[in-house]
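# Overview (structure and organization)
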Amino acid sequence: MTSGVQQIPLDQPFLDQKPGTSGLRKSSRQFETPHYLESFIEAILRTVPGIAGGTLVVGGDGRYGNRRAIDLIARMAAAHGVARIVTTTGGILSTPAASNLIRQRQATAGIILSASHNPGGPDGDFGVKVNGANGGPAPESLTDAIYACSQTLDGYRIHAEGTVNLDSPGHQSIGNLQIEVIDGVDDYVALMQKLFDFDQISDLLKGDFPIAFDAMHAVTGPYAKRLLEGLLGAPAGSVRNAVPLEDFGSGHPDPNLTYAHELAELLMGSDAYRFGAACDGDGDRNMILGTRCFVNPSDSLAVLTANATLVPGYAAGLSGVARSMPTSAAADVVAKELGIPCFETPTGWKFFGNLLDAGRITLCGEESFGTGSNHIREKDGLWAVLFWLNILAKRREPVAKIMAEHWSRFGRHYYSRHDYEAIASDAAHGLYNRIKEMQPSLVGQSLAGRVIATADDFAYTDPVDGSLTSGQGLRLLLDDGSRVVLRLSGTGTQGATLRVYLESYVPPSGNLDQDPQTALGDLITAIDQLAEIKSRTGMDRPTVIT
C-alpha cells in the first residue's frame, strides 16, 4: 500500500446513502456520524470513471462542515491516486462557478458540498453532490452506481495526514496529490463578462436605479460584491448579507417570498428600489423583483426567452428552450411564436444536460427559482440577475411594465406552488398514493368547473439518448389548459414535502391583473378537497406559497 495510506475497516456499511436529484442530503449531525461522510466519499472515488490520475474540483457553499469535508476529501483523494484537486479560498465555490471550473480545467468530476437552499449549521443540513466532466449533475446511472457501492463497503482508504490551507491562493500537496487553491470568483466573473454588456449595465446602475441584492449570508456574497458593486458600480451596500456564514446567519437561504421576506418587503412595500434579487445557499437559484412586482420563476424563463437577443451572449438567437414539467407553460407560448422547440423534462437539472450538450436548447429553467443556459451545466442565480439587468439596461422600462407588456403579447399563465413541508412520511405517501390509484377514474370527472382531460404520472423519454424516466409527478390536465400537479420532494431531510402546482392560462384578451392566489382560488379549493390535504397532513395552509 502507498506510504501514508490507511485502510479503515467498517463494521457494516451505511444503507441510507441514496442520492436524490441533487446529491446526498442529510442533517449535519448525520454527516458527523463516525465514518458516514468517509463512506460516501469512498463510494464516489471507487465509482466515478477516471479518478486515478484525474483532476477533481472541490468546494462548497461555506456551510457548517464545509472545511472539514474538503480536508477529508483531499486525504481520501490522495489515497485513491487522484492527481490534482482544484479548490478555492475559504472553500467557497458556488455551484454554477464549480460547473464552469470543471469545464475550464477539464476535470474528471467535481464534488460540491452543499445542501442548496436547506438551512445550515450544526442543527441544519449538509450535502454532497457529484458533477460530471461536462460540469453538470451526475446522471442517474452514476448516482445509482455510487449508492450500490455504498451498500457493500467494508472499509475506506485515507491518507494518514494532511490538511488543506484555504486561507490564500497557492499550491500544496498531500502525498502525490497536488492541491491548487485559487480565487473562486475570478473564472466566473470572466465568463459573465463574455455574455453580458457590462458597460450598458454599469450605465444603468450608476444612474437613478437603486437595487438591492440579498446574498442571504450564503455563497453568492463574494461574487455579487465583485460583480455588482465592484465592476458594475452599484452603490456600496447594494449587496446585503454578503458574508457567507456557516449557519447562514440562522436563516433559511431559500430565495422566495417567505424566506427572503425582508428583500420582498423592500421591493413590494415601497418605491425605494427599482430592482431586487436574491440567491440561495449554493448560488444556483434566484428570485427577481421589481418595484411592487414579483416575477415568478416560470414567467422569468419566458421573459428571458422573449428578450434573449437583447443580450450579447444570445444575440444570434436560441436553438431551443426547456422547462421542467411542474414549471408553467409560459415559455412554451414564447417558443412557439419564436419558432423554436420547447422541451418538457422531469425535475432535476441533469435532464437539461443532454439537451444542452446536444445543442438542442440554449435556455432552460425550473419553477423552483432556477434558470440557466448553455454557458455551464447548472442553473445559475447571478447569471439570471445579470440577464435581467442587461434587459433592463437595454429596454429602460420598469420590471412591472416589462411583465405587463409580456402578458399582453403572450397571455398570462397564473401559477403558484404550495409546499407542505415536514409532513409525516406515512401521511404524505398515503395522500399521494391515494390520488395515484384514483387517476384512471378521474378522467372525464369535474374539477373546479372544468373537466379532467388527462390524469397520469409524468414519464419522459430523453430525445437524445432514449432513456425513460417515469414516476415524476401526478398530473391532472384540464380541458381549458389549466392543470394541477402533485409531487413529493426528494430534497428535504425531515419528513416529506408535498408540492402542489397550480396553473391557469388567460389569453391576452382576458383579465391579466388578478392576484394569482385569487385567479387560482377555485383550483386550490378543489385539489384540497380531492386530495384531502388538510385532513391528511393536519396543516391548515401551506408552509410556503410561491
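Residues numbered from 1 in each chain as written. Predicted model: local features only at pLDDT ≥ 70, side-chain atom pairs only at ≥ 80, totals over all residues. Heavy atoms only, no water.

### Some details on the overall build of the chain
Note the cut-off: Going along the chain from the N terminus, every DSSP run of H or I of four or more residues is numbered as a helix, and every run of E of two or more is numbered as a strand. Values of the radius of gyration come from C-alpha atoms, whereas the globule rule sets the reference at 2.2 Å times the count of residues to the power 0.38. Accessible area is worked out with a 1.4 Å probe on protein chains only. A residue is then buried under 20% of its type maximum, exposed over 50%, and partly exposed in between. Any two residues whose heavy atoms approach within 4.5 Å are treated as being in contact.
Counting its regular elements, the chain contains 18 helices and 27 strands. Here the chain has a C-alpha radius of gyration of 23 Å; the compact-globule value for 546 residues is 24 Å, and the two agree. With respect to the three principal axes, the spread of C-alpha positions in the chain is 75 × 60 × 40 Å. Relative to its 546 residues, the chain shows a buried fraction of 58%. Partitioning the intrachain contacts of the chain with sequence separation of at least 6 by distance along the chain shows that 72% fall at a separation of at least 24.

### Some details on the nonpolar core
For the record, the criterion: We call a set of buried residues a nonpolar core when its members are Ala, Val, Leu, Ile, Met, Phe, Trp, Tyr or Cys and they connect through side-chain atoms within 4.5 Å of each other.
Counting 101 residues, the largest nonpolar core has Phe275, Trp383 and Leu486 as its most contacted members. Each residue touching Phe275, except ones within four places of it in the same chain, is listed here: Phe209, Pro210, Ile211, Ala212, Leu267, Ile288, Leu289, Val385, Trp388, Leu389, Leu392 and Val399.

### Considering the side chain of Thr305
When you line up the elements, Thr305 lands in helix 10 (residues 297–307). Under the relative-accessibility criterion, Thr305 is labelled buried at 2%. Not counting chain neighbours up to four residues away, the residues in contact with Thr305 comprise Leu318, Val321, Val334, Leu338, Ile340 and Leu363.

### With respect to the side chain of Ser99
Counting through the fold element by element, Ser99 comes out in helix 4 (residues 95–104). Classification of Ser99 as buried rests on a relative accessible area of 0%. The contacts of Ser99, once residues within four sequence positions are left out, are Gly135, Gly136, Ile376, Arg377 and Glu378.

### Brief notes about helix 13 (residues 381–395)
The test is simple: Expected span of a helix: the number of residues minus one, times 1.5 Å. Any pair of nitrogen or oxygen atoms within 3.5 Å is treated as a polar contact; in protein, a donor-acceptor pairing is required on top of that, and neighbouring residues in sequence qualify only through side-chain atoms on both sides.
Taking 1.5 Å of rise per residue, the 15 residues of helix 13 would be expected to cover 21 Å, and the 21 Å separating its terminal C-alpha atoms lies within 8% of that figure. Counting buried positions along helix 13 yields 13 of 15 residues, so the element is predominantly enclosed. Between a side-chain oxygen at the N-terminus of helix 13 and the backbone nitrogen of Trp383 the separation is 3.3 Å; the capping residue is Asp380. Of the residues trailing helix 13, Arg396 is marked for its positive phi of about 55°.

### Looking at the environment of Tyr420
Following the sequence through the fold, Tyr420 ends up in strand 19 (residues 412–423). Sequence separation between Tyr420 and Pro13 is 407 residues, and the spatial gap between their C-alpha atoms is 33 Å. With residues up to four places along the chain from it excluded, the contact list for Tyr420 reads Ala496, Thr497, Leu498, Val500, Ile533, Met539, Arg541, Pro542 and Thr543.

### With respect to the packing of helix 10 against helix 13
Selection rule: Geometry is summarised by axes, namely lines fitted to C-alpha atoms with helices restricted to the contacting stretch, and by angles between N-to-C directions that run from 0 to 180 degrees. We call two directions roughly parallel when the angle between them is under 35 degrees, roughly antiparallel when it is over 145, roughly perpendicular when it lies between 65 and 115, and oblique otherwise. The crossing is said to be left-handed when, going from far helix to near helix, the turn is anticlockwise and less than a right angle, and right-handed when the turn is clockwise. Gly falls in the polar group here, along with every residue not listed as nonpolar (Ala, Val, Leu, Ile, Met, Phe, Trp, Tyr, Cys, Pro) or charged (Asp, Glu, Lys, Arg).
Between helix 10 and helix 13, the shortest axis-to-axis distance is 11 Å and the interhelical angle comes to 50°. Of the possible angle classes, the one that applies to helix 10 and helix 13 is oblique. For helix 10 against helix 13, the interelement crossing comes out left-handed. Contacts between helix 10 and helix 13 involve Ser300, Val303, Leu304 and Asn307 from the first element and Trp383, Phe387, Trp388, Ile391 and Arg395 from the second. Here the residues of the contact of helix 10 with helix 13 are counted per class, giving six nonpolar, two polar and one charged.

### Description of helix 10
In terms of residue burial, helix 10 counts as a mostly covered element, since 10 of its 11 residues are buried. All buried positions along helix 10 are accounted for by Pro297, Ser298, Asp299, Ser300, Leu301, Ala302, Val303, Leu304, Thr305 and Asn307. The N-capping residue of helix 10, defined by a side-chain oxygen 2.9 Å from the backbone nitrogen of Ser298, is Asn296.

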